[in-house]
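The lines below spell out each chain.
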Protein chains: 2
Amino acid sequence: MSEELLDIGEVAERSGLAASALRFYEKQGLIDSAGRNGLRRSYRPGVLDRLALIVCARGAGFTIAEIAAFLRATPGDLELRARMADKATRLEEDIARLERMRDGLRHASACTHEPLVECPGFKRHFPPDAALAARRAGVGRG
Amino acid sequence: MSEELLDIGEVAERSGLAASALRFYEKQGLIDSAGRNGLRRSYRPGVLDRLALIVCARGAGFTIAEIAAFLRATPGDLELRARMADKATRLEEDIARLERMRDGLRHASACTHEPLVECPGFKRHFPPDAALAARRAGVGRG
DNA sequence: GTCTGACTTGAAGCGCGGTTCAAGTCAAGG
DNA sequence: CCTTGACTTGAACCGCGCTTCAAGTCAGAC
């Protein structure tokens, strides 16, 4: 059973994350190691599932602190569950924004208007009222 | 016609952005003012459309530099147009990630598994291979 | 004419999410 | 036993996207 354990280099390679990021996540309480081999961390393979979740959540714009809170969730924490449902709803808005951006880019990449940014067919995707609604949101590295 | 011009405070209020952000965007070349009334910037109302686009793009994870490049686009810049089309494709992946996160959160907010994070129905949304594919992406403020 | 407060500037600072560095430890292979 | 190189630590640093600050200007209302 102990032969199933992975060292940080293996986890880094399999997850695609840097070892420094794994140590950082451990310090922030997002993952934990199964123990040590000497000084070295040993990880259970299940940490890879956990990391997949973390990568997805980070990619969806969640902060480390938010992810930590969600990971600690128990069925009894009604307030946290409510916040999760709320986050899901906000993700709908984020998705809508990404779809508008995608459509705008597709248009722009095939449009002959000069300059592109003034094309009405392009601008149609970005109405000012939608921007106002979006002001507290945002995704990240694209 | 000159009565149509807005000062920075009005633009801030109407766009939902801070005046400091507007000055920052101007310095980065994302927007420009129509001139000055004394020392004070005057903006054309059209800047609000431009800002809507910027807010959307920022929310979709684009950096200031990327947005500046796209805003300078002309139909003749084939390489930039190719990059736009490429970005649109990547947005599809981002959208898929947000959808998985949304579904996972919806499940979690109604799930009785203890701890929630170990629920198979929840984890199903976050397969390790999807995380690997996502490694260079990410949205932002959620 | 004078007051007020929204504007101006450049530079410094902040929060986030890590990365990098220097110095040291130690498991495993030969 | 000795070497190697992947690991360990805490602290310093980085890039991004602004925000804040100090010091000053000045348009518009009174």
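Preceding this paragraph is the structure being described.
Keep in mind that what you see is a predicted model, and the values were worked out from it rather than measured.

Draft legend 1. The overall build of chain A, seen in detail. Helix and strand counts for chain A come out as 7 helices and 3 strands. The order of α-helices and β-strands along chain A, N terminus first, is β-α-α-β-β-α-α-α-α-α. In terms of C-alpha radius of gyration, chain A reaches 21 Å, well past the compact-globule figure of 14 Å for 142 residues. Projected onto its principal axes, the C-alpha positions of chain A cover 65 × 40 × 20 Å. Accessible surface, chain A: about 7,200 Å² in total, of which carbon and sulfur atoms supply 51%.

Draft legend 2. The packing of helix α5 (residues 78–109) of chain A against helix α5 (residues 78–109) of chain B, seen in detail. In the contact formed by α5(A) and α5(B), the axes pass within 8 Å of each other and the chain directions differ by 165 degrees. Relative to α5(B), the element α5(A) is oriented roughly antiparallel. The chirality of how α5(A) crosses α5(B) is left-handed. When the residues that make up the contact of α5(A) with α5(B) are grouped by side-chain class, the tally is 18 nonpolar, 4 polar and 14 charged.

Conventions adopted
- Residues numbered from 1 in each chain as written.
- Chains lettered and ligands numbered in written order.
- Predicted model: local features only at pLDDT ≥ 70, side-chain atom pairs only at ≥ 80, totals over all residues.
- Heavy atoms only, no water.
- Helix = DSSP H or I, 4+ residues; strand = E, 2+ residues; numbered from the N terminus.
- Rg over C-alpha atoms; globule rule 2.2 N^0.38 Å.
- Areas by Shrake-Rupley, 256 points an atom, 1.4 Å probe, with all protein chains shown as cover.
- Axes fitted to C-alpha atoms, helices over the stretch in contact; angles between N-to-C directions.
- Parallel < 35°, antiparallel > 145°, perpendicular 65-115°, else oblique.
- Left-handed = near helix turned anticlockwise from the far one by under 90°.
- Nonpolar A, V, L, I, M, F, W, Y, C, P; charged D, E, K, R; others polar.

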